[in-house]
Every structure is written in structure tokens, then in C-alpha cells.
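Per-entry structural report
The chain contents come next:
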Amino acid sequence: FWVFFGFWSQAHSELLIEITKGSADALPIAVVPFTNRASGTLGADVSAIIDANLTRSGDFKTLPTRRMLSLPDSSSDVHFRDWRMLGQSFVLVGQVSSDASGRRFHVQYELMDVYNQKRVVGELISSSTTAMRKLAHRISDKIYEAITGVKGAFSTKIAYITLEAGDNGKGNYRLQLADSDGQRSQTLFRSDQPLLSPSWSNDATRLAYVSFETGRPAIYIQNIKTGKRKKITGFRGLNSSPMWSPDDKKLLMTLSKDGNAELYSFHIGSSSLDRLTNHYGIDTEASWSRDGQKVVFTSDRSGSPQIYLMDLIDRRPQRITFKGRYNSRPRFSYDGTKVYFVHKSTGDYHIASMNADGTDQFILTDTPLDESPSVSPNGRMIIYATKRRGKGVLGVVAVDGDAKYFLPSSYGEVREPAWSPYLN
């Protein structure tokens, strides 16, 4: 086998965006193209990135530039009557300038409330040409929060696994990292053996994942910045489904070292194990609640894969799914009130939602082979793996099911997504 350590930057975007459904309740907003007064070459079109971010969130419907009656770049040039005629609730205007060297750029933006005729938010931000996309995501976050009251998640990252056919007849597996819009992809690790289940630490500095590079499964932790890796477990049998505790001191995981697949808590500092379940059924795919007091997991102890909730004090699992013969891969919402999971009822696998006690279950997706849900840190979107036109892609759906888009790879299959926490 062969493996690769460290970063491998892509010269192009690995993931593309295909928006298939927007929300019927999306707020109309006009993102006016920012005026370019810079002397140097811009690293990215800031206003275009902001427009794309707001559109794919599902919470906003942006106005095409061709329909705009004017292209103001400051609040003093905004004629509210024109934008009311166009049915817009908000208008974003701005301009880009640079210092004399053309290497440092300054972005001035202002968000205007059309009906109240006032400025909502605005600031002047400086950036190097290489950080213009990052700056655009930051502005998008500010705008999103100013209007919705919910923190934006455009500046976050996604981790995922890609698979291509290798020259030696084996697969080419890569652990990838990209911006939340699929841009600026990087390879953190690659191997001709399977990679599975990436999981973010809550400080967003490390990833835990499963690698078969030695010929059998083992759990590794990798520092994202340095690329340094450490093998955490490599017991006989299963070593799978790592998930960080809220304080990043422990990992939930599934091990079968004692003969049966059980849930364990692994203390990273001491390398000690605490066995959480003890049953002849298979217990796996566990997820921690944000307060660290409960876990949800998949078990076939009732005869088919179902979801169980367990308090870590009494450790008495309670089954919470009863619809369908297959329910798996549960993930808590960030506020702990919801659980998102894979559900099969009529032959297809879909991403579904329910209250944490198992009530009010409903299906969010309509693609046929959906798996591996992961929740955005603001709790508004879920990224998952699915099939589209016969190819493995990533899908994103709003937690209310109203907005959907896909992130197909420009090459190979893509699977096992994990949405990062907020970045420091």
C-alpha cells in the first residue's frame, strides 16, 4: 500500500454547486456588484461570492444584476423607491480599493433595509489578494446574522472522502478539506486503502477518522495545520465511528476487541477505555449531545437497525425510532433538541429529522441513497452523501427541507462528509 502525508493543494475547485430547490419563504435581497477601484488584480469577486453564499443558504433569493435599475456602491447612492419597485427587502452595496502597491485591498460594504430606509450593518475590511474568498465568506456571515439573527456558517469548512480508480486497480482514497462552498480543496491524507468517518474536534484543529492503510481498520487523529498523524486504536476487529466529546478530551467509538461491536469512550490523554454498552447486538455510529450527558447510536438489538438514546449516568438505552425497518447514523442538532439520521421506509434511504425523544419524525430528502448526515454549526443545514446520476456526490438540505443543493466532485466519487465547527 502507499500513503501520503500533509497537504496537497488543488489548482481548481474539486466540488461544484448545483442548486436544485430554494425556499418559498426566501427573503429578496439585491447584492449589487461591488465597484472595483483597486489598482491590483483581485483574487476573487467578493460580491459574487456573497451572492452565491446567500442563495445556497436557502434563506435568501438574490436579484439578477440585469434586473437592477442602478448599480450604487455606497448608501448615499441607494434610491429606496427603485428597490421597493423591484420587491427587494435588502440591498447590499460596496466597493473595493487598494493601497498604492496594489497588494493590500480594502472592501467597504453596507447592507441597507429597503422598507425602513436605513443601514443595517457595514464596515471597512482589509485583506491580501490571497484571502479575498475568506473575506467574502466573513462578510456573508455578517449579513446573514444581521438579517436572520443566526450566526452565519459560510466561513466554516467541510471534510470528506473521495474515491477514484487507481492505476494499480486499487482505489485512490483521499481525505479532503474545503471551504463550505466546495472551493479551495486540499488533500490532508491519501491511501490506496479505504478511509472512513472523518470527525472534527470541537476546536476545529484536528480530524479523527478510520484508515485501513495497514490492511485492517484503525482510528487516527490528524492535526489539520501540521498534517501530523497519530494512531489512536488498532485493536483486533472493528475500530470505527470516532466522534469527539464536547470538551475534545474523549472519542466515542465502536470496538469489537472483546468479540462484539460495542460503544466505548476513549480518553485521549490517558489512552484509557470506558465500555458504554454490553449487548449481543451491534452498537455503533454514536453521537454525543452538546452537554456531554447523552449519546444516540445505532443498534440492531431489536432485530433491525434502530436508533437508541442513552443517558451516560444510568446507561440504559431507550429505543426512539419505530417507523421503518432501518434507521441509522444519528446526529444530534447543536441545541440537542433534534436528531438527524438515515431512514429507510419504502426501499430508498433518506435523511430524516425527529425530536430528540423520537417524536415528529419527517423525511428531509428525496434522493435514493442518502447517508452520513452532518449538521452545520449554526444548525440550519445538513450535509450528507448521496447518489446523483449514478455518481457519489454530497448533498445539502435545510433542516426544514425547503432548500437543497448538491456538491458533485469534478472527478471521482465523494462521500462521508463532516461539517466543521466554527473556526477560531
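Residues numbered from 1 in each chain as written. Predicted model: local features only at pLDDT ≥ 70, side-chain atom pairs only at ≥ 80, totals over all residues. Heavy atoms only, no water.

1. Quick word on the side chain of serine 333
- With respect to the secondary-structure elements, serine 333 resides in the loop between β24 (326-332) and β25 (338-344).
- Overall, serine 333 belongs to the buried group, its relative accessible area being 5%.
- Residues contacting serine 333, with those up to four places away along its chain left out, are Arg290, Lys338 and Tyr340. (Helix = DSSP H or I, 4+ residues; strand = E, 2+ residues; numbered from the N terminus. Buried < 20%, exposed > 50% of the residue type's maximum accessible area, 1.4 Å probe, protein only. Contact = heavy atoms within 4.5 Å.)

2. Remarks on the environment of leucine 188
- Position of leucine 188 among the secondary structure elements: in strand β11 (residues 186-191).
- Note: C-alpha distance between leucine 188 and lysine 228 (40 residues apart in sequence) is 9.8 Å.

3. Notes on the pattern of salt bridges
- Applying the stated criterion across every chain, the model contains 16 salt bridges.
- The partner of glutamate 123 in a salt bridge is arginine 138, and the shortest N-O contact between them spans 4.0 Å. One end of the pair, glutamate 123, is in strand β8 (residues 118-128); the other, arginine 138, is in helix α3 (residues 132-148), and 15 residues separate them in sequence.
- For lysine 257, the salt bridge goes to aspartate 258, with nearest N and O atoms at 3.4 Å.
- Connected through shared salt-bridge partners, Lys257, Asp258, Glu262 and Arg275 make up one network. (Salt bridge = Lys/Arg side-chain N within 4 Å of Asp/Glu carboxyl O.)

4. A word on the sheet that holds strand β19 (residues 272-275)
- Read from one edge to the other, the open sheet built from four strands follows the order β16-β17-β18-β19, with strand pairing classed as antiparallel. Looking at strand neighbours, the two that pair on one side only are β16 (239-244) and β19, the edges of this open sheet. Sheet twist, expressed as the average angle between the axes of neighbouring strands with direction ignored, equals 30°.
- Note that β16 and strand β17 (residues 250-255) share four bridges and pair antiparallel. Counted as the bridge partner of methionine 243 is leucine 252 from β17. (Pairing = 2+ DSSP bridges. Axes fitted to C-alpha atoms, helices over the stretch in contact; angles between N-to-C directions.)

5. Remarks on the nonpolar core
- Ranked by size, the top nonpolar core spans 26 residues in total, and within it Val46, Ile50, Ile139 and Ile143 carry the most contacts.
- Contributions of two or more residues to this core are made by β3 (27-31), α1 (46-57), β6 (90-98), β7 (104-113) and α3.
- Counting residues per element, this core draws most heavily on α3, at seven residues.
- Excluding its chain neighbours within four sequence positions, the residues that come into contact with isoleucine 50 are Phe34, Leu92, Ala136, Ile139, Ser140 and Ile143.
- In this structure, Ile351, Leu394, Val396 and Trp419 belong to the second largest nonpolar core, which totals 25 residues. (Core = buried A, V, L, I, M, F, W, Y, C linked by side-chain atoms within 4.5 Å.)

6. Notes on the packing of aromatic side chains
- Counted according to the given criterion, the structure contains six aromatic pairs.
- With a centroid separation of 6.4 Å and 20° between ring planes, the pair formed by tyrosine 209 and tyrosine 220 is classed as stacked. Within this pair, whereas tyrosine 209 is found in strand β13 (residues 206-211), its partner tyrosine 220 is found in strand β14 (residues 218-223), the two being separated by 11 residues in sequence.
- Looking at tyrosine 209, the relative accessible area reads 1%, which means it is buried.
- Under the relative-accessibility criterion, tyrosine 220 is labelled buried at 6%.
- For the ring pair phenylalanine 297 and tyrosine 308, a centre distance of 5.9 Å and an interplane angle of 20° mean the geometry is stacked. Of this pair, phenylalanine 297 sits in strand β21 (residues 294-299) while tyrosine 308 sits in strand β22 (residues 306-311), and the two are 11 residues apart along the sequence. Across this residue pair, the class does not change: phenylalanine 297 and tyrosine 308 are buried.
- When the ring centre of phenylalanine 189 is taken as origin, the NZ or CZ atom of arginine 229, which lies over that ring, is 3.7 Å away.
- The positively charged end of arginine 301 is found above the aromatic ring belonging to tyrosine 308, 5.5 Å away from the centroid. (Phe/Tyr/Trp six-rings, centres within 6.5 Å; stacked < 30°, edge-to-face > 60°. Lys NZ or Arg CZ within 6 Å of the ring centre and 35° of its normal.)

7. Concerning the pairing of β16
- The element β16 is largely enclosed, with a buried count of six among its six residues.
- Between β16 and β17, which pair antiparallel and follow one another directly, the connecting turn spans five residues, one of which, aspartate 248, has a positive phi of 65°.

8. Looking at the sheet that holds strand β23 (residues 318-319)
- Judged by pairing direction, the sheet is antiparallel, and its four strands sit side by side in the order β20-β21-β22-β23 without closing on themselves. This sheet does not close on itself; its edge strands, each paired only once, are β20 (283-288) and β23.
- Bridge count between β20 and β21: four bridges; the pairing is antiparallel. For serine 287, the partnering residue across the bridge sits in β21 and is valine 296.

9. Some remarks on α3
- Helix length check: α3 (17 residues) gives 24 Å between terminal C-alpha atoms against 24 Å at 1.5 Å per residue, within 8%.
- Looking one or two residues beyond α3, the residue adopting positive phi is glycine 149, at roughly 80°. (Expected span 1.5 Å × (residues − 1).)

10. Let's talk about α1
- Here α1 spans 17 Å end to end across 12 residues, near enough to the 16 Å set by a 1.5 Å rise per residue.
- When α1 is considered as a whole, its buried residues turn out to be Val46, Ser47, Ile49, Ile50, Asp51, Asn53, Leu54, Arg56 and Ser57.
- Of the residues flanking the end of α1, it is glycine 58, one or two places downstream, whose phi is positive at about 85°.

11. Notes on the packing of α1 against α3
- In the contact formed by α1 and α3, the axes pass within 9 Å of each other and the chain directions differ by 45°. Classified by the angle between their axes, α1 and α3 sit oblique to one another. Judged by the twist between their axes, the crossing of α1 over α3 is right-handed. Contacts from Val46, Ile49, Ile50, Asn53, Leu54 and Ser57 in α1 reach Met132, Arg133, Leu135, Ala136, His137, Ile139, Ser140, Ile143 and Tyr144 in α3. (Parallel < 35°, antiparallel > 145°, perpendicular 65-115°, else oblique. Left-handed = near helix turned anticlockwise from the far one by under 90°.)

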